[in-house]
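# Report on the structure
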Amino acid sequence: MSHSEDEYSLHTSHIGNDVSEDPVQDHRPRLLIMGLRRSGKSSIQKVVFHKMAANETLFLESTNKIIKENITSFIDFQVWDFPGQIDYFDTATYDSDVIFGEYGALIFVIDAQDDYIEALNRLHQTVLRAHEKNKNLTFEVFIHKVDALSDEFKIDTQRDIQQRTTDELADVGLENVPLSFYLTSIYDHSIFEAFSKVIQKLIPQLPTLENLLNILCANSGIEKAFLFDVNSKIYIATDSSPVDMQTYEICSDMIDVIIDISEIYGRTTSFHQINDELYGDDQTQVETNGKAGNYGTTTDTANDAASLIKLNNGMVLCLRGVNRFLALVCLLRSDNFEKHGLIDYNFQCFKQAIAEVFELKRRSAERLRHEGMRLSGDVNEGG
Ligand SMILES: Nc1nc2c(ncn2[C@@H]2O[C@H](COP(=O)(O)OP(=O)(O)OP(=O)(O)O)[C@@H](O)[C@H]2O)c(=O)[nH]1
């Protein structure tokens, strides 16, 4: 699967208090990443959206102004990284109506390896003020850097943070604020899984996507299917069977394997069998075929990408490109894969349905844009 800078481009801009925006772009959903200094905000953003290796974040400089980034993907959204030390409710410097006014989510990062009392105070203040500005904002608390904690301690920490936060909010009459808690670390898949859940809340088409995945799984003998945003490895939807972390990890790793192979062999790839050391299993094989095969990888366009990894436990991992941003990764029994003609047919129907869902979305965005332009034209003429 190929991906170019262009296709998955990230545009970064830096802003101070002058949040001057393109009125059309301004309406993309916004992810605000906040928390105390050194809690890990920039690291999270670099690892998820820039493929930075987790240990390289050790050398990140402290952020000293708000960094705004447009993520161009299956849904266009903005990520705003806030420096830990600023007071974004200081009305003389920051316009909190602009910062909190948009549709989106506020991610609050708490360093779980540190004493978190101050962070909880800050979280409380932030939720209070941001909720006052925008009742539709969802609050996502990342209890972060949990890689150094034992399983038992992780659970206790989550329980304690959750309890204190909800109690304090209930004391001021805010028991119904939408607040979710996640245990995260950049050293494993937990940060991608948490981001997936946050992003899914911003996708109005989620129930339709889940429904399509359920139908595909039921009719193709698929155990579990994820629809991934290839660039970030965030999954934007999965079928309604429970997500087991190991399955998610192996599906997500498959994307890396395929991208790495594509980068090495490019579109000339014909057939490779690679001993897959990824899972310590020398019988696991990755097959990346050219278009001629019944199934395989065509690496020239992400849309056509298809690949198969046979695991030695009788399961098969199967990847199919859906469009230039999305890929479907499924896990199924190899017996069921014998009917791969049927699976291919079902997949084509699924791909078509996804295209229609996003075409509808594109058309309504276009209509909004036209209406926006007409409105701003009217304003200009009037002025
Ligand atoms: N162990 C561990 N360390 C982490 C994790 N995430 C970030 N860090 C480390 O935490 C330190 C601070 O990370 P930053 O991303 O710079 O923190 P920040 O919140 O952006 O800091 P400011 O820009 O000062 O607000 C770095 O040394 C990271 O390597 C994690 O999940 N686990």
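Conventions used here
- Residues numbered from 1 in each chain as written.
- Predicted model: local features only at pLDDT ≥ 70, side-chain atom pairs only at ≥ 80, totals over all residues.
- Heavy atoms only, no water.
- Helix = DSSP H or I, 4+ residues; strand = E, 2+ residues; numbered from the N terminus.
- Buried < 20%, exposed > 50% of the residue type's maximum accessible area, 1.4 Å probe, protein only.
- Near = heavy atom within 4 Å.
- Areas by Shrake-Rupley, 256 points an atom, 1.4 Å probe, with all protein chains shown as cover.
- Contact = heavy atoms within 4.5 Å.
- Pairing = 2+ DSSP bridges.
- Domains from an automatic or database assignment.
- Buried area = accessible area lost by both parts, 1.4 Å probe.
- Salt bridge = Lys/Arg side-chain N within 4 Å of Asp/Glu carboxyl O.
- Polar contact = N/O pair within 3.5 Å; in protein donor to acceptor, adjacent residues only side chain to side chain.
- Axes fitted to C-alpha atoms, helices over the stretch in contact; angles between N-to-C directions.
- Parallel < 35°, antiparallel > 145°, perpendicular 65-115°, else oblique.
- Left-handed = near helix turned anticlockwise from the far one by under 90°.
- Nonpolar A, V, L, I, M, F, W, Y, C, P; charged D, E, K, R; others polar.
- Disulfide = S-S within 2.5 Å.
- Phe/Tyr/Trp six-rings, centres within 6.5 Å; stacked < 30°, edge-to-face > 60°.
- Lys NZ or Arg CZ within 6 Å of the ring centre and 35° of its normal.

Here we come to the overall build of the protein. Each helix and strand counted, the protein has nine helices and 14 strands in total. Per-residue burial for the protein yields a buried fraction of 51% across its 383 residues.

Our focus in this paragraph is the site of the ligand. By nearness alone, 21 residues border the ligand, and Lys-41, Ser-43, Ser-62, Thr-63 and Asp-147 come closest of all. The protein chains hide 92% of the 660 Å² of surface that the ligand would expose on its own. It is helix α1 (residues 41–50) that contributes the most residues to the shell around the ligand, three residues altogether.

Bringing the side chain of Gln-158 into the picture now. When you line up the elements, Gln-158 lands in helix α4 (residues 151–171). Sequence-distant contacts of Gln-158, that is, excluding residues within four places in its chain, are made with Ile-143, Phe-181 and Leu-183.

Attention now moves to helix α5 (residues 190–200). Summarising burial for α5: ten of the eleven residues are buried, a large majority. Ser-190, Ile-191, Phe-192, Glu-193, Ala-194, Phe-195, Ser-196, Val-198, Ile-199 and Gln-200 are the residues of α5 that are buried.

Within strand β12 (residues 306–310), four of the five residues are buried, which leaves it mostly tucked inside the rest of the structure. Sheet topology places β12 next to strand β13 (residues 315–321); five bridges connect them, and they run antiparallel. Among the inter-strand pairings, Lys-310 is bridged to a residue of β13, identified as Val-316.

With that settled, consider the domain arrangement of the protein. Per the domain assignment, the segments making up the protein are domain 1 (10–18 + 28–200) and domain 2 (206–362). Taken together, the contacts link 16 residues of domain 1 with 20 residues of domain 2. Of the roughly 1,600 Å² buried between domain 1 and domain 2, counting both surfaces, carbon and sulfur atoms make up 60%. Among the residues domain 1 hides against domain 2, the three largest losses belong to Phe-74, His-189 and Gln-200. Together they make up 43% of the total. Here domain 1 and domain 2 share zero salt bridges between them. On inspection of domain 1 and its partner domain 2, the count reaches five residue pairs in polar contact (both at pLDDT 80 or more). Where the side of domain 1 that touches domain 2 is concerned, the elements lending two or more residues are α1 and α5.

Turning to the packing of helix α3 (residues 117–133) against α4, a few remarks are in order. Contact pair α3 / α4: the axes reach a minimum separation of 10 Å and the direction vectors enclose 40 degrees. Judged by the inter-axis angle, α3 sits oblique to α4. Between α3 and α4 lies a crossing whose hand is right-handed. Taking contact as the criterion, the partners of Ile-117, Leu-120, Leu-123, His-124, Val-127 and Leu-128 in α3 are, on α4, Ile-161, Arg-164, Thr-165, Glu-168 and Leu-169. Looking at the contact of α3 with α4 residue by residue, the class counts come to seven nonpolar, two polar and two charged.

In this structure the tally under the stated criterion is zero disulfides. Summary of cysteine pairing: Cys-318 is not part of a disulfide, and the nearest cysteine sulfur, belonging to Cys-330, is at 5.2 Å. The class for Cys-330 is buried, based on a relative accessible area of 4%.

Now for the packing of α1 against α5. Where α1 contacts α5, the two axes come as close as 11 Å, and the packing angle between them is 85 degrees. Between α1 and α5, the angle falls in the class roughly perpendicular. Mapping the contact onto sequence places Ile-44, Val-47, Val-48 and Phe-49 in α1 and Ile-191, Phe-192 and Phe-195 in α5.

Looking now at the packing of aromatic side chains. The full count for this structure, using the stated rule, is twelve aromatic pairs. Each ring, one from Phe-347 and one from Phe-350, has its centre 6.2 Å from the other, and the planes form 35 degrees; the classification is tilted. You can see Phe-347 and its partner Phe-350 sitting in helix α9 (residues 340–382), three residues apart, about one turn around the helix. For Phe-347, a relative accessible area of 4% translates into the label buried. These aromatic residues form a ring-pair network of at least three members: Phe-49, Phe-77, Phe-142, Tyr-182 and Phe-195. The ring of Phe-192 carries Lys-233 above its face, with NZ or CZ at 5.2 Å from the centroid.

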